[in-house]
Amino acid sequence: QVQLVESGGGLVQPGGSLRLSCAASGRIFNINVMGWYRQAPGKQRELVARITSGGNTNYADSALGRFTVSRDNAKNTVYLQMNSLNSEDTAVYYCNYNDRTLYSWGKGTLVTVSS
């Protein structure tokens, strides 16, 4: 089992920034992918950004140029730096871990973009 704990969500004004963190613990394999997904009210969960243990990244079109995903393998932690936030970014953000044999989700952290 892998446990994921997200932090860093909250209320931010349009145009503002937030940094999300996700700490993983448990049976973590060296080769894995960690990432961020989000689910807005009434919508399906969607990929925001993910990063492999080797540092390869991919982003949703909506995140390109505004969000940056990074990780610290020594701390088993993945980050999501979000800039230029707008109301469409309001959602619960979930951390995900995948090593092909195990797939885990965090409980989520709420990001609300509002003036």
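Residues numbered from 1 in each chain as written. Predicted model: local features only at pLDDT ≥ 70, side-chain atom pairs only at ≥ 80, totals over all residues. Heavy atoms only, no water.

A.B. asks: Before we go on, may I ask you to explain the sheet that holds strand β7 (residues 67-72) in this structure?
C.D. replies: Either a parallel or an antiparallel arrangement is found when strands of a sheet pair, and the pairing is made through backbone hydrogen bonds. Taken in spatial order, the four strands line up as β1-β3-β8-β7 in an open sheet, and their pairing is antiparallel. With one partner strand each, in any of the chains shown, β1 (2-7) and β7 form the two edges of the open sheet. When the angles between neighbouring strand axes are averaged without regard to direction, this sheet yields 15°. With six bridges connecting them, β1 and strand β3 (residues 18-26) associate as antiparallel partners. Bridge pairing in β3 links Val 2 to Gly 26. (Pairing = 2+ DSSP bridges. Helix = DSSP H or I, 4+ residues; strand = E, 2+ residues; numbered from the N terminus. Axes fitted to C-alpha atoms, helices over the stretch in contact; angles between N-to-C directions.)

A.B. asks: Mind showing me how you'd approach the environment of Leu 110 here?
C.D. replies: Looking at the element boundaries, Leu 110 is found in strand β11 (residues 109-113). On a C-alpha basis, the gap between Leu 110 and Ala 40 in space is 9.6 Å, while along the polypeptide they are 70 residues apart. In this structure, Leu 110 is in contact with Gly 9, Gly 10, Ala 91 and Val 92, ignoring residues within four places of it in sequence. (Contact = heavy atoms within 4.5 Å.)

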